[in-house]
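Descriptive structure summary
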Amino acid sequence: MLGLQKENTDRVKATYGLIESLRPKQWTKNLLIFAGLIFSSTLFVPENLFKAVYGFLIFSIVSGVTYIINDLRDIEEDKRHPKKKLRPLASGRLPKEVATVWAFALLLGSLSMAYFMDMQFFLITILYFILMVFYSLYLKKIVILDVLVIALGFVLRAVAGAVIIGVSISPWLVLCTLLLALFLALCKRRHELVLLENTATLHRKVLKDYSINYLDQLISIVTTGTIVVYALYTMNSGKPKMMVLTMPLVIYGIFRYLYLVHQKKQGGSPEELLVTDKPLLITILLWGVATIACFYFI
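The notes below deal with the structure included here.

Our next topic: the nonpolar core. Core analysis: the largest hydrophobic core is formed by 81 residues, its most contacted members being Phe-121, Phe-183 and Tyr-257. Setting aside chain neighbours within four positions, we find Phe-121 in contact with Gly-55, Ile-58, Phe-59, Ala-114, Ala-160, Val-163 and Ile-164.

See the structure below:
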């Protein structure tokens, strides 16, 4: 009886560990799938909305699988991290064998769904998966290239969202996504250096090639580029002219994020910071409402 109870308990722990390893909190990154839907003025077209939701679910599963692969690869390094050592695989709550089998099953299922949805979307999904796997195995160890690959992952999300509903891919969408993703990735690297200090390279080897001063310079460049490109987008892209009124929200949002990174020593988990910091969350919501109003009601 005791053996059966222990087996059931272990199974429950493994199930919760698997769900946690898929990192549902980070699925907010996949909301970029809806960018093409919103900026193509087809948000209220039922068919396109359904396709975008479908794409969001597929990318959430695929990205979850890449997180499992990454955690399998980094078990020993995560054990030395003050927060990541609590992850299911690093803490032992989720057996490696169980994680491997479920990762394969979920990947096969999600890619099958993508294949039957749209061939171009299917190819982009595969490209995203391959890129993230190579990132986990090799590319995250190469200075500069590590943050560029992360940013390209965001770009592929945005492109996939446009492809799945059959609209043209805006170069403005690609540029804005790339620069904003670089901004977040560089801020995350800075936070890791500040948080881990002398043990930073034990957790992430590529951090030995970065310094806080160097990252601050890169962040300054990317911040300027993001604001300039977004300003040009609002004025010269043929979109509603009222979009220029969203500039103050974008500038405040970026400055607020920099404040949290530099003054509050945050930024290690952008997906959490974007929804837990009230001023930042309110800014994002206001920007979303203003953007939808400009495209659909003004």
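Quick look at a nonpolar patch on the surface now. A contiguous nonpolar surface patch, about 900 Å² in accessible area, is contributed by Phe-44, Val-228, Leu-232, Met-235, Met-242, Val-244, Leu-245, Phe-297 and Ile-298. Inspection of the secondary structure assignment puts Met-235 in helix 11 (residues 212–236). Given the relative accessible area of 43%, Met-235 is considered partly exposed.

A full pass over the atoms with the stated rule returns 16 aromatic pairs. Considering the side-chain rings of Phe-50 and Tyr-54, the 5.9 Å spacing of their centres and the 35 degrees angle between planes classify their relative orientation as tilted. Taken as a pair, Phe-50 and Tyr-54 lie in helix 3 (residues 46–73) at a separation of four residues, close to a single helical turn. For Phe-50, a relative accessible area of 54% corresponds to the exposed category. Relative to Tyr-233, the ring of Trp-172 has its centre 6.3 Å away and its plane inclined at 55 degrees; by these criteria the two rings are tilted. Within this pair, whereas Trp-172 is found in helix 9 (residues 171–196), its partner Tyr-233 is found in helix 11, the two being separated by 61 residues in sequence. Each member of the aromatic cluster is reached from another via a ring pair, and the members are Phe-39, Trp-172, Tyr-230, Tyr-233, Trp-287 and Phe-295.

What follows covers the layout of surface pockets. Considering only enclosed or pocket space, the second largest pocket measures out at about 730 Å³ in volume. Forming the boundary of the second largest pocket are 26 residues, of which Lys-83, Arg-87, Ser-269, Glu-271 and Glu-272 lie nearest the centre. Elements represented by at least two residues in the lining of the second largest pocket include exactly helix 1 (2–21), helix 9 and helix 13 (270–276). Partitioned by chemical class, the residues of the lining of the second largest pocket number five nonpolar, nine polar and 12 charged.

With that settled, the discussion passes to the pattern of salt bridges. In the structure shown here, the tally under the stated rule is 10 salt bridges. Of the charged contacts, one joins Asp-209 and Lys-208 as a salt bridge, the two residues approaching to 3.7 Å between their closest N and O atoms. According to the relative accessible area criterion, Asp-209 is partly exposed, its value standing at 38%. Classification of Lys-208 as exposed rests on a relative accessible area of 57%. Via salt bridges that share partners, Arg-23, Asp-71 and Arg-87 belong to a single interconnected network.

So, how was this worked out
- Residues numbered from 1 in each chain as written.
- Predicted model: local features only at pLDDT ≥ 70, side-chain atom pairs only at ≥ 80, totals over all residues.
- Heavy atoms only, no water.
- Core = buried A, V, L, I, M, F, W, Y, C linked by side-chain atoms within 4.5 Å.
- Buried < 20%, exposed > 50% of the residue type's maximum accessible area, 1.4 Å probe, protein only.
- Contact = heavy atoms within 4.5 Å.
- Patch = residues over 30% accessible without salt bridge, like charges linked within 9 Å, V, L, I, M, F, W, Y side chains within 5 Å.
- Areas by Shrake-Rupley, 256 points an atom, 1.4 Å probe, with all protein chains shown as cover.
- Salt bridge = Lys/Arg side-chain N within 4 Å of Asp/Glu carboxyl O.
- Helix = DSSP H or I, 4+ residues; strand = E, 2+ residues; numbered from the N terminus.
- Phe/Tyr/Trp six-rings, centres within 6.5 Å; stacked < 30°, edge-to-face > 60°.
- 1 Å grid on protein atoms, 1.4 Å probe; cavity = no way out; pocket = protein on both sides within 12 Å on 5 of 7 lines; lining within 4 Å.
- Points joined across faces, edges and corners; volume = space filled by probe spheres on them.
- Nonpolar A, V, L, I, M, F, W, Y, C, P; charged D, E, K, R; others polar.

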